[in-house]
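# Structure assessment
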Amino acid sequence: MENAWLIPLFPLVSFLFLLLFGKRLKEASAFVGILATLASLVYSILVLLERLESPTHKAEAVWLTIGNLELTAGFEVNQLNALMLVIVSLVSFLVHTYSKGYMHGDERFPVFYAYLGLFTFAMLGLVISPNLLQTYIFWELVGVGSFLLIGFYFYKESAKAAAKKAFIMTRIGDVGLLIGMILLFWQTGSFEYDEIFAAVEEGAISGTMITLTAILIFIGAVGKSGQFPLHTWLPDAMEGPTPVSALIHAATMVAAGVYLVASLFPLFNASETAMLTVAIIGAFTAIFAASIGLVQNDIKRVLAYSTVSQLGYMMLALGSAGYVAGVFHLMTHAFFKALLFLAAGSVIHAVHTQDIEKMGGLWKKLTFTGPLFLIGTLAISGVPLFSGFFSKDEILIAAWAHGNYGLFWLAVIAAFFTAFYMFRLFFMVFTGEARSEMKNVHESPSVMTLPMLVLAVLAVVAGYVNTPWFGAFLGDWLVEGNEALGHGHIAGPGWIMIVATAVSLLGILLAWMMYSKNSISRDWLSSRAPIAYGVVKNKYYIDEIYNQSVVFATKAISLFLRFIELFVVEGLVKLTTATVQALGKTGAKIQNGQVQTYGTIAFVGLAVLMVIYALTGGYL
Amino acid sequence: MSSVPVSAYLALALILFCIGLYGALTKKNTVIVLISIELMLNAVNINLVTFSKYGANPSITGQVFALFSIAVAAAEVAVGLAILISLYRNRRSVNIDEVNQLKN
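Residues numbered from 1 in each chain as written. Chains lettered and ligands numbered in written order. Predicted model: local features only at pLDDT ≥ 70, side-chain atom pairs only at ≥ 80, totals over all residues. Heavy atoms only, no water.

By the naming in an unreviewed UniProt entry, chain B goes by NADH-quinone oxidoreductase subunit K and is assigned to Mesobacillus subterraneus. Entered under Subunit (unreviewed entry) in the UniProt record, the comment concerning chain B runs "NDH-1 is composed of 14 different subunits. Subunits NuoA, H, J, K, L, M, N constitute the membrane sector of the complex." Regarding chain B, the UniProt comment filed under Catalytic activity (unreviewed entry) reads as follows: "a quinone + NADH + 5 H(+)(in) = a quinol + NAD(+) + 4 H(+)(out)". (UniProt positions renumbered as here; feature names shortened; annotations may be inferred.)

The name given to chain A in an unreviewed UniProt entry is NADH-quinone oxidoreductase subunit L, with Mesobacillus subterraneus as the source organism. The UniProt entry for chain A carries the following text under Sequence similarities (unreviewed entry): "Belongs to the CPA3 antiporters (TC 2.A.63) subunit A family."

## Digging into the overall build of chain A
The helix and strand inventory of chain A stands at 24 helices and two strands. The principal-axis extent of the C-alpha atoms belonging to chain A is close to 110 × 65 × 55 Å. For chain A, the proportion of contacts with a sequence separation of at least 24, taken over those separated by at least 6, is 79%. With an accessible surface of roughly 25,700 Å², chain A has 69% of that area assigned to carbon and sulfur atoms. (Helix = DSSP H or I, 4+ residues; strand = E, 2+ residues; numbered from the N terminus. Contact = heavy atoms within 4.5 Å. Areas by Shrake-Rupley, 256 points an atom, 1.4 Å probe, with all protein chains shown as cover.)

## Re helix H3 (residues 61-91) of chain B
All names here are of chain B. Counted at 1.5 Å a residue, the expected span for H3 with its 31 residues is 45 Å, and the 44 Å between its end C-alpha atoms agrees. For H3, the complete set of buried residues consists of Gly-62, Ala-66, Ser-69, Ala-73, Gly-80, Leu-84 and Leu-87. Residues of H3 that are buried sit in contact with helix H2 (30-54). Arg-92 lies just past H3 and shows a positive phi near 55°. (Expected span 1.5 Å × (residues − 1). Buried < 20%, exposed > 50% of the residue type's maximum accessible area, 1.4 Å probe, protein only.)

## Remarks on the domain arrangement of chain A
The assigned domain composition of chain A is domain 1 (1-130), domain 2 (131-520) and domain 3 (544-616). Each of domain 1 of chain A and domain 3 of chain A has a C-alpha centre, and these two points are 60 Å apart. (Domains from an automatic or database assignment.)

## Side note on the interface of chain A and chain B
The figure often quoted for interface size is the accessible area lost as the parts come together. Contact with chain A, which involves eight residues of that partner, is made by 12 residues of chain B. Buried surface at the junction of chain A and chain B, both sides included, amounts to about 760 Å², of which 56% is carbon and sulfur. On the chain A side of the contact with chain B, Gln-594, Gln-596 and Phe-603 of chain A bury the most area, a combined 60% of that side's loss. If you look at where chain A meets chain B, you find zero salt bridges. Joining chain A to chain B, the criterion identifies two residue pairs in polar contact (both at pLDDT 80 or more). Looking at the side of chain A that touches chain B, its residues break down into one nonpolar, seven polar and no charged. (Buried area = accessible area lost by both parts, 1.4 Å probe. Salt bridge = Lys/Arg side-chain N within 4 Å of Asp/Glu carboxyl O. Polar contact = N/O pair within 3.5 Å; in protein donor to acceptor, adjacent residues only side chain to side chain. Nonpolar A, V, L, I, M, F, W, Y, C, P; charged D, E, K, R; others polar.)

## Quick notes on the UniProt feature "domain: NADH-Ubiquinone oxidoreductase (complex I) chain 5 N-terminal" (unreviewed entry) in chain A
UniProt tags residues 63-113 of chain A as "domain: NADH-Ubiquinone oxidoreductase (complex I) chain 5 N-terminal" (unreviewed entry). The annotated region residues 63-113 of chain A carries 57% helix and 25% strand content, and the separation between its end C-alpha atoms amounts to 31 Å.

## Considering the packing of aromatic side chains
Residues and elements named next belong to chain A. Applying the stated rule across the entire model yields 36 aromatic pairs over all chains. Plain terms: the ring middles of Trp-409 and Trp-495 are 6.4 Å apart, the flat faces sit at 20° to each other, and that makes the pair stacked. Within this pair, whereas Trp-409 is found in helix H18 (residues 405-430), its partner Trp-495 is found in helix H21 (residues 495-516), the two being separated by 86 residues in sequence. Residue Trp-409 is classed as partly exposed on the basis of its relative accessible area, which comes to 41%. Given a relative accessible area of 34%, Trp-495 falls into the partly exposed group. (Phe/Tyr/Trp six-rings, centres within 6.5 Å; stacked < 30°, edge-to-face > 60°.)

## Comments concerning the confidence of the model for chain B
Chain-level statistics for chain B give a pLDDT mean of 88 and a share of 95% at 70 or above. Overall fold confidence for the complex sits at a pTM of 0.77, while the interface term, ipTM, reaches 0.81. (pLDDT = per-residue confidence, 0-100.)

## Quick notes on helix H3 (residues 79-102) of chain A
Taking 1.5 Å per residue, 24 residues should reach 34 Å; H3 of chain A reaches 34 Å between its end C-alpha atoms and fits that length. Where burial is concerned, most of H3 of chain A is hidden: 23 out of the 24 residues are buried.

## Comments concerning the nonpolar core
Residues and elements named next belong to chain A. Ranked by size, the top nonpolar core spans 207 residues in total, and within it Phe-268, Tyr-323, Leu-362, Leu-425 and Val-429 carry the most contacts. Among the elements that line this core, the one with the most residues is helix H15 (residues 323-351), at 21 residues. Residue contributions to this core reach at least three from each of two domains, namely domain 1 (1-130) and domain 2 (131-520). Other than its neighbours up to four places away in sequence, Leu-425 contacts Ile-299, Val-302, Leu-303, Ile-356 and Phe-373. (Core = buried A, V, L, I, M, F, W, Y, C linked by side-chain atoms within 4.5 Å.)

## Let's talk about the UniProt feature "transmembrane region" (unreviewed entry) in chain B
Residues and elements named next belong to chain B. In the numbering used here, UniProt assigns the "transmembrane region" (unreviewed entry) feature to residues 6-25, 32-52 and 64-88. Counted over residues 6-25, helix gives 100% and strand 0%. Its end C-alpha atoms are 28 Å apart. The distance separating the terminal C-alpha atoms of residues 64-88 is 36 Å; by composition the span is 100% helix and 0% strand.

## So, the pairing of strand S2 (residues 69-77) of chain A
Both strand S1 (residues 57-66) of chain A and S2 of chain A contribute to a ladder of nine bridges, which runs antiparallel. Its bridge partner being in S2 of chain A, Glu-60 of chain A is matched across the sheet by Gly-74 of chain A. (Pairing = 2+ DSSP bridges.)

## Side note on the packing of helix H10 (residues 242-251) of chain A against H15 of chain A
Residues and elements named next belong to chain A. Relative orientation of the contacting elements H10 and H15 amounts to 160°, with a least axis distance of 8 Å. As summarised for this structure, H10 and H15 are arranged roughly antiparallel, according to the angle between their axes. The hand of the H10/H15 crossing is right-handed. When H10 is examined against H15, the residues Thr-242, Pro-243, Ser-245, Ala-246, His-249, Ala-250 and Ala-251 are found in contact with a partner set consisting of His-333, Ala-334, Lys-337, Ala-338, Phe-341, Leu-342, Gly-345 and Ile-348. (Axes fitted to C-alpha atoms, helices over the stretch in contact; angles between N-to-C directions. Parallel < 35°, antiparallel > 145°, perpendicular 65-115°, else oblique. Left-handed = near helix turned anticlockwise from the far one by under 90°.)

## Quick look at the side chain of Asn-131 of chain A
Residue and element names in this part refer to chain A. Within the secondary structure layout, Asn-131 lies in the loop between helix H4 (109-127) and helix H5 (132-150). Among the polar contacts listed, one links the side chain of Asn-131 to the backbone nitrogen of Gln-134, at a separation of 2.7 Å. Not counting chain neighbours up to four residues away, the residues in contact with Asn-131 comprise Glu-60, Thr-72, Ala-73, Phe-191, Glu-192 and Tyr-193.

As structure tokens, then:
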């Protein structure tokens, strides 16, 4: 555990190595990346196992000294960090392996692996940061990695736009984070998590200030985790290669916002308002994104909206003081969502389209991907005995126990939506008849299916570390020695589990009737409420609204400023040069060699001088 | 004492000077320019004589100075005409606006 700082360095070495020698290695660069992340994974698991027994380890060195102030850099291995290390390095390792098959034949194969290494380094660095400043640095690095990978197919206009959008949207949130961080530093004189929590506990910070900083930091998390209203970048980020979507935009980076809120949980918990804000934003995002997911036809976009929705669940859990529930769902979601994305990638790899309207009947052709996708779908839908069931149940209980009854019912409806759209996706892709001609449909190579298999196993069993039946092992461990985080297991009424099961089964049933058995017409609802359907289909016109308001206003301002620049600034410059030029030209013209001209000028000059002399009364 | 006021003399000198200046600056023919310069010199001479007679401290010095100036002007005209003639020989012209070799 003393050497946990090595974990992020393996991918960094891989990144630097591939940057230098990638061109020569060609596709062999995959092995460099896979080995590096494997090393990280093994080490992370060792650290986690060690952490189960021993207390938190924290090591720091002075980085900068400014006056009396010492800024430190180091690492910390607490329960949350150890867990995140394993999640990130595991998903990263599997995605590295998977990409070897998926990206096969791509011209920029080594570059892809280099970027993956950079991202993994940043993400691992983020989760072991002991202070806010270091977190912020890695936070931004993660954003860069995401930007590079979304824009990996930079020759596509849409990918370029999506990369820029992702970067700018998250930057908006980051400004909030930065301001919140600075305010905290101003109040407590430290970036260290421990000292901030101590100051909060002592009451050294006023209540309003706590609320303010917590909400500002939450804005950063909103940007990174694709919460409403900054969620629009995440579906567009699906322009990147599918393994990237699995790694960054499902399992790790987007969970960074949740991680940030979780690691600053004592700060949030000190303010009722901040907690309520987090919970409301989370619940609203959960149902909002789920409703959009109901009608999307792009396989990756459905998954993207489902990610947004699930992240909303995590925020709801954290906002309802369900620290364990939030982190637990973060973990299970990382597994089953990465699985779903990788399986979707495998489908795309096989049929070369992302439009589910064109797919169908793939169950028999993709004998391996199909069942794996089904496992992921069952897990995310919250079907009993799968991991998603336990974590979603925890969240619902947390929301209920905290007294957020309205939000609780929102979450239940969102769970219904989730089950429905996930199974709609499943039925449309895998059952029925093929809706378009598909040639050469083939199962993916084993280098792609094996990582999915590992994730599928985890998607099934990961839930059992924290169940109401066999004991809340994960929960008890997470909050051990830290009362500020709440209880390991929140007791809730038993009927919640039944309700959760019922709605998810109901959703599946409805999807089955509409998309598989066809006993209910598909446009039963869309033909009855065309306006509502149109609104949802167009993602509530959020992008359009942003285009019309923020983007338009920004463009208008920039146009205005451009005019100022063109006419005022440029005008001044032109005026200066024109004056000088005119003076020079006149001077040149005057110097024409004509004695009489010179005489005239001399005389006029003399006359002017005399006039001035006379007017000033001789005192110049 | 005559009844002619000082200002009349000065006005005469001024008018004479202005005519000379105008001629010197506008005429094309160098001979006319030289004549105009003579006019200006004489305007100055009138001033000198006027002040030597009616100035704050009347003295003969002013008239002596005027004589000096006339003598110098004569010498100057001689030199000027000499230059003019040599110029004419070189360029077959006495137009002052064609004399601008120094420019290039």
